[in-house]
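# Tertiary structure, described
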Amino acid sequence: MTADAAVAERVRKLVYAMAPDPQGPAEDSQRLIEDLGFDSLRLMELTVVLERSFGLPRYKPEQLVGVRRVGEVIGLIATTLAAEDQS
């Protein structure tokens, strides 16, 4: 398993574990609010858990605005990790 695949799988597991209304295995196309039942408080909690789990700096609200699906969460984490590696 590649590092990117390992990150994606870890993100999926965290999202699914925290989802108020999980429906089947977490898939990249699932919407956080409509499909998995996240509300604004749960989304903030998910953000904190992901930041701490991956050792990331705090995200700003404007960085999270367009993140609506599991796959977009994975992309955000992977992009941030890649930027951290290049620093």
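Residues numbered from 1 in each chain as written. Predicted model: local features only at pLDDT ≥ 70, side-chain atom pairs only at ≥ 80, totals over all residues. Heavy atoms only, no water.

## A look at the packing of aromatic side chains
Let me state the cut-off plainly: Only Phe, Tyr and Trp rings are paired, with Trp represented by its six-membered ring, and only when their centres lie within 6.5 Å; those with planes under 30 degrees apart are stacked, over 60 edge-to-face, the remainder tilted. Placement of a positive charge over a ring is assigned whenever Lys NZ or Arg CZ falls within 6 Å of the ring centre and within 35 degrees of the normal to the ring plane.
Enumeration according to the criterion identifies zero aromatic pairs in this entry. We note R10 situated over the ring of F54; from NZ or CZ to the ring centre the distance is 4.2 Å.

## Notes on the packing of helix α1 (residues 3-18) against helix α4 (residues 70-86)
Applicable threshold: To define axes, lines are fitted to C-alpha atoms, for helices over the stretch in contact only, and angles between the resulting N-to-C directions are given on a 0 to 180 degree scale. The helix count covers DSSP runs of H or I at least four residues long, the strand count covers runs of E at least two residues long, and both are numbered beginning at the N terminus. Working rule for angles: under 35 degrees goes down as roughly parallel, over 145 as roughly antiparallel, 65 to 115 as roughly perpendicular, anything else as oblique. Crossing handedness follows the turn of the near helix against the far one: under a right angle anticlockwise gives a left-handed crossing, and clockwise gives a right-handed one. Any two residues whose heavy atoms approach within 4.5 Å at even a single point are treated as in contact. Amino acids outside the nonpolar list (Ala, Val, Leu, Ile, Met, Phe, Trp, Tyr, Cys, Pro) and the charged list (Asp, Glu, Lys, Arg) are all regarded as polar, and Gly is one of them.
Closest axis-to-axis distance for the α1/α4 pair is 9 Å, and the angle between their directions is 130°. Considering the angle they form, α1 stands oblique to α4. The way α1 lies across α4 gives a crossing that is right-handed. For the pair α1 and α4, contact is made by V7, A8, V11, R12 and V15 and by V70, V73, I74, I77 and L81, respectively. Looking at side-chain class alone, the contact of α1 with α4 contains nine nonpolar, no polar and one charged residues.

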